[in-house]
Amino acid sequence: MKKKLSLAMAALACLSATAQTHIRVWQNDESDRMKIANVGDMVFGQGGETVTIKGTTYRTADIDSIVVVPEITVQYSEGAAEVTVPEAVAEWLIVDVSGADVTITNTNQSNEVELILSGTSQDGSFTYNGNFKCTIELDGLSLTSKTRCPMDIECGKRISLVLDEGTTNSLTDAAENPLKACLYAKGHVELEGAGTLNVTGNKNHAISTKEYLQLKKSTGELNIVSAVNDALHVGQYFQMNGGTLTIDGKTLGDGIQVETLTLDDDTTPNPDKENNGQIIMKGGTINMDIAGEDCKGMKTDGLVTVSGGTITINANGNGSRGIQTDGDMVIGEEDNPTHITIAANGARCTAAEDVDDPHRCMGMKVDGDLTINAGTITVTNTGAKSRGIKVGGTYRKYGGTVSASISN
């Protein structure tokens, strides 16, 4: 093991501190990824039993390897883009560049590729095709497309989307975008990194993922500037472990809409998909204003679990709902303190299709059971005929503080 670490340190010493390259520290098929420029000294403990890298101490016996990651870089500059491919991965990749429209296809199905996107274009796009997981880092990227989706990730596996610390990144699609989102991902998206991402959806949703979307603990800020439809349209499940999600009132659809993946009969939920149809919140902060008629802040057919974090929703549209589920909802504080504040400010729905049943604006509508174990929940309803919390099944309160009008 000491030989492995010594070789890794020697390799790092040969690299420029300004190069956009990373290392991965591998343990049991999991890895920590960090920029070489930020690593500093690797400090060994007495006897070499431990090594400290960027503030994290590892047992040397537990480290499988420390490797330098070959990375593809895409640098945008208004009407052009430059793609740099390391020799180590060149044989796997097909790269097509037309102006500032970049398409990269990865033909390898056993090795992860990592890409760094940076620069600015007012008419550019990035498309990735592949059948294996990938990491895409946004390092000060501002990408607007006049004809399409600015970021299309066609990968049915895990997609790690990293917001480089200290950077602001922006995506804006065209009103003619043929896909259903400004940021579209075919696979599972894990958002991480302490940077900021601003997304504007001019055609449909701001972000759409075919399978799950997870905001990890390290996530910085995700801001939905506006969307013609939903802010986040998610397949399988949505999970938030940290970060700040802000959805502006210019979004015309739901804030977070979660679908349930089904079998081929298109009605039976797929039992092989974990957390299918669920919303899970363990930490972080959600701030959203819902202005659209008959729209929901958080909407799913399945279970909603809040075990930590802060949720603030203003349901301003007529017939709107702060949180709505056709299933059950459980609120506790297993992971972090929980604070939920919802204002039902809208009146009855006036949409043409609801003229015979103009339903009310509500803070929370739970068709199944609502169980509260801990947390602080405050729901106010100021709109004409609005309601606080409506529970279709059984309401159970074992702890926490609830300030709301509750009806069955």
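Residues numbered from 1 in each chain as written. Predicted model: local features only at pLDDT ≥ 70, side-chain atom pairs only at ≥ 80, totals over all residues. Heavy atoms only, no water.

A. Layout of the overall build of the protein chain. What the protein chain contains, in helices and strands, is 2 helices and 41 strands. In terms of C-alpha radius of gyration, the protein chain reaches 23 Å, essentially the compact-globule figure of 22 Å for 408 residues. Expressed as lengths along the three principal axes of its C-alpha atoms, the size of the protein chain is roughly 70 × 55 × 40 Å. In the protein chain, buried positions account for 51% of the 408 residues. Across the protein chain, every contact between residues at least 6 apart in sequence was considered, and the portion connecting residues at least 24 apart equals 68%. If you sum the accessible surface of the protein chain, you get close to 17100 Å²; carbon and sulfur atoms cover 46% of it. Computed over 33 positive and 53 negative side-chain charges, the inter-centroid distance for the protein chain is 4 Å. (Helix = DSSP H or I, 4+ residues; strand = E, 2+ residues; numbered from the N terminus. Rg over C-alpha atoms; globule rule 2.2 N^0.38 Å. Buried < 20%, exposed > 50% of the residue type's maximum accessible area, 1.4 Å probe, protein only. Contact = heavy atoms within 4.5 Å. Areas by Shrake-Rupley, 256 points an atom, 1.4 Å probe, with all protein chains shown as cover. Lys, Arg positive; Asp, Glu negative; His and termini not counted. Charge placed at Lys NZ, Arg CZ, Asp CG, Glu CD.)

B. Seen up close, the confidence of the model for the protein chain. In the predicted model, the protein chain carries a mean pLDDT of 89, and the fraction of residues at 70 or more is 92%. Low confidence marks residues 6–11, where pLDDT is under 50. Its contacts with residues over four positions away, or in another chain, come to 3 contacts. Low pLDDT, under 50, characterises residues 13–20; the stretch is placed with 8 contacts to residues that sit more than four places away or in other chains. (pLDDT = per-residue confidence, 0-100.)

C. Representation of the sheet that holds strand β2 (residues 30–35). Reading across the sheet, the 3 strands line up as β2-β1-β6 and stay open at both edges, with antiparallel pairing between neighbours. A strand with exactly one partner marks an edge of an open sheet, and here the two such strands are β2 and β6 (65–69). With direction set aside, neighbouring strand axes in the sheet form an average angle of 25°. (Pairing = 2+ DSSP bridges. Axes fitted to C-alpha atoms, helices over the stretch in contact; angles between N-to-C directions.)

D. Main features of the sheet that holds strand β3 (residues 43–44). If you trace the 3 strands from one edge of the open sheet to the other, you get β3-β4-β5, paired in antiparallel fashion. The open sheet has two edge strands, β3 and β5 (56–59), and neither has a second partner.

E. Here's a closer look at unusual backbone geometry. Here D294, not a glycine, exhibits a phi torsion of approximately 60°, which is positive. Mapped onto the elements, D294 comes out in the loop between β28 (285–290) and β29 (296–300). Taking the relative accessible area as the measure of exposure, D294 reaches 22% and is therefore partly exposed. Positive phi outside glycine occurs at K385, with the angle close to 65°. Within the fold, K385 resides in the loop between β37 (376–381) and β38 (387–391).

F. The side chain of T200, seen in detail. Mapped onto the elements of the fold, T200 is located in strand β19 (residues 196–201). By relative accessible area, T200 is classed as buried at 13%. When sequence neighbours within four positions are dropped, the list of residues in contact with T200 reads L171, T172, D173, C182, V225 and S226.

G. Main features of the packing of aromatic side chains. Overall, the coordinates contain 1 aromatic pair when judged by the stated rule. For the pair Y212 and Y237, a centre-to-centre distance of 4.9 Å together with 25° between the ring planes defines the contact as stacked. Highlighted residues: Y212 in the loop between β20 (205–209) and β21 (213–215) and Y237 in strand β24 (residues 237–240), separated in sequence by 25 residues. By relative accessible area, which is 9% here, Y212 ends up buried. Under the relative-accessibility criterion, Y237 is labelled buried at 3%. (Phe/Tyr/Trp six-rings, centres within 6.5 Å; stacked < 30°, edge-to-face > 60°.)

H. Region of interest: the nonpolar core. Of all hydrophobic cores here, the largest spans 74 residues; its most connected members are F126, M151, I224, L232, F238, L245 and I256. Here this core gets 5 residues from one element, more than from any other, and that element is strand β13 (residues 134–144). When sequence neighbours within four positions are dropped, the list of residues in contact with I256 reads L232, F238, L245, I247, I286, M288, G297, M298 and K299. Counting residues in each nonpolar core, the second largest holds 10 residues, with I23, V51, Y58 and I63 among its members. (Core = buried A, V, L, I, M, F, W, Y, C linked by side-chain atoms within 4.5 Å.)

I. Local environment of the pattern of salt bridges. Tallied over the entire structure, the rule returns 11 salt bridges. Here R59 and D62 are joined by a salt bridge, their closest N and O atoms 2.9 Å apart. Judged by relative accessible area, R59 falls into the partly exposed class, the value being 48%. Among the ionic contacts, a cluster of salt bridges with common partners joins K299, D301 and D326. (Salt bridge = Lys/Arg side-chain N within 4 Å of Asp/Glu carboxyl O.)

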